[in-house]
Amino acid sequence: AKGPDYRLWRSFRWGRTAEIIVLDCRYERRPSQQQYISPEQMAFLKDRLKNSPCHFKVIMNSVPITNMPLPWDVAANDRWEGYPGQRKELLDYIDQHDIKNVWFLSGDFHVCFVSRLEPSGAQLSRRTREIAVTSGNQNPIPELLTQLNAPQFDYGVHKARAALVTFDPEADAVHVRFLDPKSGVELYSKS
């Protein structure tokens, strides 16, 4: 489709285990209007989060939604943090509707990490988790994620890693593993 009917965002279901919600965080972005995603896409996202019959809701972003530490703030306008109104709207929606088992899966930062969206706070959205993966390009900053004042990061590395994520609705658990892509050695494993 082209023109007004063109849209990249959609969702797919893996039975009743997970709904994969794919966002378009590039094509509809309007920095001058503080719009990260269009109002129509935001309504779609909220509908899928609230009304999905699936146990897990997995939001696929092109870039992270995590509140990143200082070294990344210079490029905040390239991700959710640079659009604080829409970021807050989405996170408040998760809290107001008590939407559990939301996971974000992101890329495009040339890093691998596992984080909570915020460094602190008891709200559900602040405890929501994000997994970031890289396809191979490297960013030297993430080695500091677990060492700097960034307590929400369980894991952070600037090298390419194979990511394996297992969703288990019976155990109400998500198991995240990162492996060295050459040797297959497990470097991170946590449920």
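Look up a bit, the structure's there.
Okay, so let's go over this structure. (Residues numbered from 1 in each chain as written. Predicted model: local features only at pLDDT ≥ 70, side-chain atom pairs only at ≥ 80, totals over all residues. Heavy atoms only, no water.)

Considerations on helix 2 (residues 84-96)
Spelled out, the test is: Numbered from the N terminus, helices here are DSSP runs of H or I no shorter than four residues, and strands are runs of E no shorter than two. Here the expected length of a helix is defined as 1.5 Å per residue gap, with one fewer gap than residues. Type-normalised accessible area, obtained with a 1.4 Å probe on protein chains alone, sets the label of each residue: buried when under 20%, exposed when over 50%, and partly exposed for intermediate values. Each direction from the helix axis to a C-beta atom contributes to the arc, which is the arc of those directions. For this analysis, residues touch if any pair of their heavy atoms sits within 4.5 Å.
In a regular helix each residue adds 1.5 Å, so 13 residues correspond to 18 Å; helix 2 covers 18 Å between its end C-alpha atoms and thus fits that length. Regarding helix 2, the residues found buried are Q86, R87, L90, L91, Y93 and I94. Looking straight down helix 2, one finds its buried side chains confined to an arc of 150°; they lie on one side. Away from its buried face by more than 90 degrees, helix 2 exposes G85, K88 and Q96. Contacts made by the buried residues of helix 2 are with helix 1 (39-51), strand 4 (102-106) and helix 3 (124-127). Phi for D98, located one or two positions after helix 2, is positive at around 50°.

Points about the packing of helix 1 against helix 2
This is how it is decided: As a rule, the C-alpha atoms of each element are fitted with a line to give its axis, helices using only the stretch in contact, and angles between N-to-C directions run from 0 to 180 degrees. Each angle is binned into one of four classes, with values under 35 degrees roughly parallel, values over 145 roughly antiparallel, values of 65 to 115 roughly perpendicular, and all other values oblique. Should the near helix be turned anticlockwise from the far one by less than a right angle, the crossing is termed left-handed; should it be turned clockwise, right-handed. Think of it as three bins: nonpolar holds Ala, Val, Leu, Ile, Met, Phe, Trp, Tyr, Cys and Pro, charged holds Asp, Glu, Lys and Arg, and polar takes everything else, Gly as well.
Contact geometry for helix 1 and helix 2: axes closest at 11 Å, N-to-C directions at 20°. Comparing the axis directions of helix 1 and helix 2 gives the class roughly parallel. Read as a crossing pair, helix 1 and helix 2 show a hand that is right-handed. Touching M42, L45, K46, L49 and K50 of helix 1 are Q86, E89, L90, Y93 and I94, all from helix 2. Here the residues of the contact of helix 1 with helix 2 sort into six nonpolar, one polar and three charged.

Concerning the layout of surface pockets
Which entries qualify depends on this criterion: Here a cavity denotes grid points, spaced 1 Å and computed from the protein atoms alone, that fit a 1.4 Å probe unable to get out, and a pocket denotes an open set having protein on both sides within 12 Å along at least 5 of 7 lines; residues with an atom within 4 Å of a point are the lining. Grid points are joined across faces, edges and corners, and a volume is the space filled by probe spheres set on the points.
The volume enclosed by the largest pocket comes to roughly 350 Å³. Forming the boundary of the largest pocket are 19 residues, of which N101, V102, W103, R127 and R129 lie nearest the centre. By residue number, the principal contributor to the lining of the largest pocket is strand 9 (residues 173-179), which donates three residues. In this structure, the second largest pocket occupies an estimated 210 Å³ of space. Lining the second largest pocket are 15 residues, with I20, V58, L105, V165 and F167 positioned closest to its centre. For the lining of the second largest pocket, the secondary structure elements donating two or more residues are strand 2 (18-22), strand 3 (56-60), strand 4 and strand 8 (162-168). For the lining of the second largest pocket, the element with the most residues is strand 8, which contributes four residues. A breakdown of the residues in the lining of the second largest pocket according to their chemical character gives 14 nonpolar, one polar and no charged.

Taken by themselves, the reported measurements are silent on function.
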